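Observations on chain architecture
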Amino acid sequence: MSETTLEVYSDYVCPFCYLGRIAFDRYQEEREEPLELEWHPFDLRGRKRGPDGEVDVTAADGKDDEYYEQARQNVRKLQERYDAEMAQELRKDVDSWNTQQASLYVRETHPESWRAFDEALLDALWKDGRDIGDPDVIADVAADAGLDPEEIREAVADEEWHDRLAAAFEESKRAGVTGVPTWVYDGYAASGAVPPEHLERLVEGA
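Report follows, based on the coordinates. (Residues numbered from 1 in each chain as written. Predicted model: local features only at pLDDT ≥ 70, side-chain atom pairs only at ≥ 80, totals over all residues. Heavy atoms only, no water.)

Here we come to the packing of helix 1 (residues 15-30) against helix 8 (residues 196-204). Relative orientation of the contacting elements helix 1 and helix 8 amounts to 65 degrees, with a least axis distance of 8 Å. In terms of orientation, helix 1 lies roughly perpendicular with respect to helix 8. In the packing of helix 1 onto helix 8, the handedness of the crossing is right-handed. Contact with helix 1, carried on its side by Ala23, Phe24, Arg26 and Tyr27, involves Pro196, Leu199, Glu200, Val203 and Glu204 of helix 8 and no other residues of that element. When its residues are assigned to classes, the contact of helix 1 with helix 8 shows six nonpolar, no polar and three charged. (Axes fitted to C-alpha atoms, helices over the stretch in contact; angles between N-to-C directions. Helix = DSSP H or I, 4+ residues; strand = E, 2+ residues; numbered from the N terminus. Parallel < 35°, antiparallel > 145°, perpendicular 65-115°, else oblique. Left-handed = near helix turned anticlockwise from the far one by under 90°. Contact = heavy atoms within 4.5 Å. Nonpolar A, V, L, I, M, F, W, Y, C, P; charged D, E, K, R; others polar.)

Shown next, in the form of structure tokens:
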């Protein structure tokens, strides 16, 4: 891996992943040498996913109303700190499996377009409030990012890419990742939507 590559484990439905990307972009702006971002998918809804692969929003995951209210407060604080445009603090009704399957496909087959697609997906959910788990929405976002929407729609329905995403989720577990975003550089890690100066310490101090 290049010395100018920062890894990130994330899930599109995590508001802290969206806010963390804003912090990453701010850090990028201050660097003389561009820093590449290597994305690894993580299934934030995994504990609520049933045998059929569907997410049961009523399933217990150890997170109560107090947890979610604290999460909303933390999102609002970071939103103000980063002056971030957001349509909502949380979205518990969106399943990102299709989203991440499409993103994985683009990363592997159209790497030059992945970053634009990735950012467009995050914006579609967090700025525009769209359900990015919907294949039609994913196709629209792909078109806006300069990709063939029908090609991406087919990738979302492809069993091979479904299996490849499932394997990527398992790889994230084996790497010891339990929450997102998790940033990794040269064997050192940081968790959460950490500020730009924290990312700088992670990279420059490694």
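With that out of the way, let us pick up the pattern of salt bridges. Taken as a whole, this structure holds 16 salt bridges when the rule is applied. Across the pair arginine 49 and aspartate 95 runs a salt bridge, and its minimum N-O distance is 3.0 Å. Of the two residues, arginine 49 is situated in the loop between strand 2 (36-41) and helix 2 (65-82) and aspartate 95 in the loop between helix 2 and helix 3 (97-109); the sequence distance between them amounts to 46 residues. Arginine 76 serves as the salt-bridge partner of glutamate 89, at 3.3 Å between the closest nitrogen and oxygen. Taken as a pair, glutamate 89 in the loop between helix 2 and helix 3 and arginine 76 in helix 2 lie far apart in primary sequence, 13 residues in all. Glutamate 89 sits in the partly exposed class, given a relative accessible area of 23%. One network of salt bridges, with partners in common, ties together Asp25, Arg115 and Glu119. (Salt bridge = Lys/Arg side-chain N within 4 Å of Asp/Glu carboxyl O. Buried < 20%, exposed > 50% of the residue type's maximum accessible area, 1.4 Å probe, protein only.)

If you walk through the whole model with that rule in mind, you get seven aromatic pairs. On the numbers, 5.3 Å between centres and 85 degrees between planes, the contact of tyrosine 67 with tyrosine 68 is edge-to-face. Residue classification places tyrosine 67 among the partly exposed positions, given a relative accessible area of 41%. Residue classification places tyrosine 68 among the buried residues on the basis of a relative accessible area of 14%. Measuring from ring centre to ring centre gives 5.1 Å for tryptophan 97 and phenylalanine 169, while their planes differ by 75 degrees; the resulting arrangement is edge-to-face. (Phe/Tyr/Trp six-rings, centres within 6.5 Å; stacked < 30°, edge-to-face > 60°.)

Our next topic: the nonpolar core. Burial of nonpolar side chains together is a common tendency in soluble globular proteins. Counting residues in hydrophobic clusters, the biggest one holds 60 residues, and the most contacted among them are Leu6, Leu19, Phe117, Ile152 and Trp183. With eight residues, the single largest contributor to this core is helix 1. (Core = buried A, V, L, I, M, F, W, Y, C linked by side-chain atoms within 4.5 Å.)

This brings us to the side chain of glutamine 101. Locating glutamine 101 in the fold gives a position in helix 3. Among the residues examined, glutamine 101 registers a relative accessible area of 1% and is labelled buried. At a separation of 3.0 Å, a polar atom in the side chain of glutamine 101 contacts the main-chain carbonyl oxygen of valine 156. When near neighbours in sequence (up to four residues on either side) are disregarded, glutamine 101 contacts Ala155, Val156, Ala157, Asp158, Trp161, His162 and Leu165. (Polar contact = N/O pair within 3.5 Å; in protein donor to acceptor, adjacent residues only side chain to side chain.)

What follows deals with the sheet that holds strand 1 (residues 5-10). Reading across from one edge, 2-1-3-4 is the order of the four strands in this open sheet, with mixed pairing throughout. Since the sheet does not close on itself, it has two edges, and those belong to strand 2 and strand 4 (188-191), each with one partner. Put simply, the sheet's adjacent strands are angled 25 degrees from each other on average, direction ignored. Each of strand 1, strand 2 and strand 3 (182-185) is contacted by helix 1, which is oriented at about 165 degrees to strand 1, the strand it contacts most. Of the strands in this sheet, strand 1 and strand 2 are in contact with helix 3, which crosses strand 2 at around 135 degrees. (Pairing = 2+ DSSP bridges.)

Purely geometric numbers; function is a separate question.
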